[in-house]
Amino acid sequence: GIFLLPANFLETQQAPQLKKLFTEKVYLQGIIQLPDELFLNKESRKSIILLQNRGEHARQAEEVLVAKLATLKDPVKITEFFKQFEDWKASNL
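Only a predicted model underlies this, so the values are computations on that prediction, with no experimental measurement involved. (Residues numbered from 1 in each chain as written. Predicted model: local features only at pLDDT ≥ 70, side-chain atom pairs only at ≥ 80, totals over all residues. Heavy atoms only, no water.)

Participant: So what exactly am I meant to see when it comes to the nonpolar core here?
Facilitator: Generally speaking, a soluble globular protein has its nonpolar side chains buried in company with each other. Core analysis: the biggest nonpolar cluster contains eleven residues, these being Ile32, Leu34, Phe39, Leu50, Ala61, Leu65, Ala67, Leu69, Phe81, Phe85 and Trp88. Of all the elements in the fold, those that place two or more residues in this core are strand E4 (65–68) and helix H2 (75–92). No other element matches the three residues that H2 contributes to this core. Aside from chain neighbours lying at most four places away, what touches Phe85 is Leu50 and Leu65. With eight residues, the next largest nonpolar core counts Phe9, Leu18, Phe22 and Val26 among its residues. (Core = buried A, V, L, I, M, F, W, Y, C linked by side-chain atoms within 4.5 Å. Buried < 20%, exposed > 50% of the residue type's maximum accessible area, 1.4 Å probe, protein only. Helix = DSSP H or I, 4+ residues; strand = E, 2+ residues; numbered from the N terminus. Contact = heavy atoms within 4.5 Å.)

See below:
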């Protein structure tokens, strides 16, 4: 699953329930923090998290993807990110 959550999702009141979910039901495969420039204030910042249900053909990635997108205005940086993402996916999923 791909989910959009507050960037500080591990610091909220729901963090203990999320951590329990991550350890018992799903694999946390990645966190991509969206650029600060997209949000009016710090409290509204968001991250994309990548989860995978546990199951017969599922496994935890050897290296969890942790990335912060600096900007969406620079096509070169976006291309670099997607290249790195594809490399990570090929070696971890």
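Participant: Mind showing me how you'd approach helix H1 (residues 15–24) here?
Facilitator: Count 3.6 residues to each turn of an α-helix, and residues three or four apart come out pointing the same way. What H1 keeps buried is the set Ala15, Leu18 and Phe22. Down the axis of H1, the buried set is contained in an arc of 65°. They therefore lie on one face. Relative to its buried face, H1 has exposed residues pointing more than 90 degrees away, namely Pro16, Gln17 and Thr23. Along its buried surface, H1 packs onto strand E2 (26–33) and strand E3 (46–53). (Arc of directions from axis to C-beta.)

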